[in-house]
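# Geometric and topological summary
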Amino acid sequence: MTQQLSPAAQAVLNAYRDADIDDAVTAAAVLRAAAEQIENLYCENLVIDDSDGIVFGLRQLMLIADELEALGNT
């Protein structure tokens, strides 16, 4: 029996499966998808700029993704 994933988890898994290039690039794609899902799920009715913790977390995920992507493209 297969486990039903939430839409957010499915989006992250799809990003992982779609980024079949390199391990670092794949990791970057997964982090970006996770950040996007956090933003979509939890920030929909919020002004993101008013939530320092969420903004910090999302930016950190994107910075890590940038580093991994650069590593994978070398």
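In what follows, the structure referred to is the one given above.
Presented here is a report on the structure given in the accompanying data block. For clarity, every value in this text was computed on a predicted model and none was experimentally measured.

Definitions and cut-offs
Residues numbered from 1 in each chain as written. Predicted model: local features only at pLDDT ≥ 70, side-chain atom pairs only at ≥ 80, totals over all residues. Heavy atoms only, no water. Helix = DSSP H or I, 4+ residues; strand = E, 2+ residues; numbered from the N terminus. Buried < 20%, exposed > 50% of the residue type's maximum accessible area, 1.4 Å probe, protein only. Contact = heavy atoms within 4.5 Å. Areas by Shrake-Rupley, 256 points an atom, 1.4 Å probe, with all protein chains shown as cover. Salt bridge = Lys/Arg side-chain N within 4 Å of Asp/Glu carboxyl O. Expected span 1.5 Å × (residues − 1). Arc of directions from axis to C-beta.

### Details of the overall build of the protein chain
If you tally the helices and strands in the protein chain, you get three helices and zero strands. Looking at the protein chain residue by residue over its 74 residues, the buried ones come to 22%. In the protein chain, once contacts between residues fewer than 6 apart in sequence are set aside, the share between residues at least 24 apart is 57%. About 5500 Å² of surface is accessible on the protein chain, with carbon and sulfur atoms providing 54% of the total.

### Digging into the pattern of salt bridges
Tallying each qualifying case throughout the model produces two salt bridges. The closest approach of N and O atoms between Arg 32 and Asp 66, which form a salt bridge, is 2.7 Å. With Arg 32 in helix α2 (residues 23-42) and Asp 66 in helix α3 (residues 52-72), this pair connects stretches of sequence that are 34 residues apart. For Arg 32, a relative accessible area of 24% translates into the label partly exposed. Connected through shared salt-bridge partners, Arg 32, Asp 66 and Glu 69 make up one network.

### What about α3?
Between its first and last C-alpha atoms α3 spans 30 Å; for 21 residues at 1.5 Å apiece the expected length is 30 Å, and the two agree. The complete set of buried residues in α3 reads Val 55, Leu 58, Leu 61, Ala 65 and Gly 72. Along α3, the residues classed as buried sweep out an arc of 130° about the axis, all on the same side. Exposed residues pointing more than 90 degrees away from the buried face of α3 are listed as Asp 52, Gly 53, Phe 56, Arg 59, Glu 67 and Leu 71.

### Regarding the environment of Glu 69
Tracing the chain through its elements places Glu 69 in helix α3. Separated by 41 residues in sequence, Glu 69 and Ala 28 have C-alpha atoms that sit 5.6 Å apart. Other than its neighbours up to four places away in sequence, Glu 69 contacts Ala 24, Val 25, Ala 28 and Arg 32.

### A look at the environment of Asp 18
Looking at the element boundaries, Asp 18 is found in helix α1 (residues 7-18). Look at Asp 18 and you get exposed, because its relative accessible area is 66%. As for Asp 18 and Val 30, which are separated by twelve residues in sequence, their C-alpha atoms are 9.6 Å apart.

Purely geometric stuff here, so don't read any function into it on its own.
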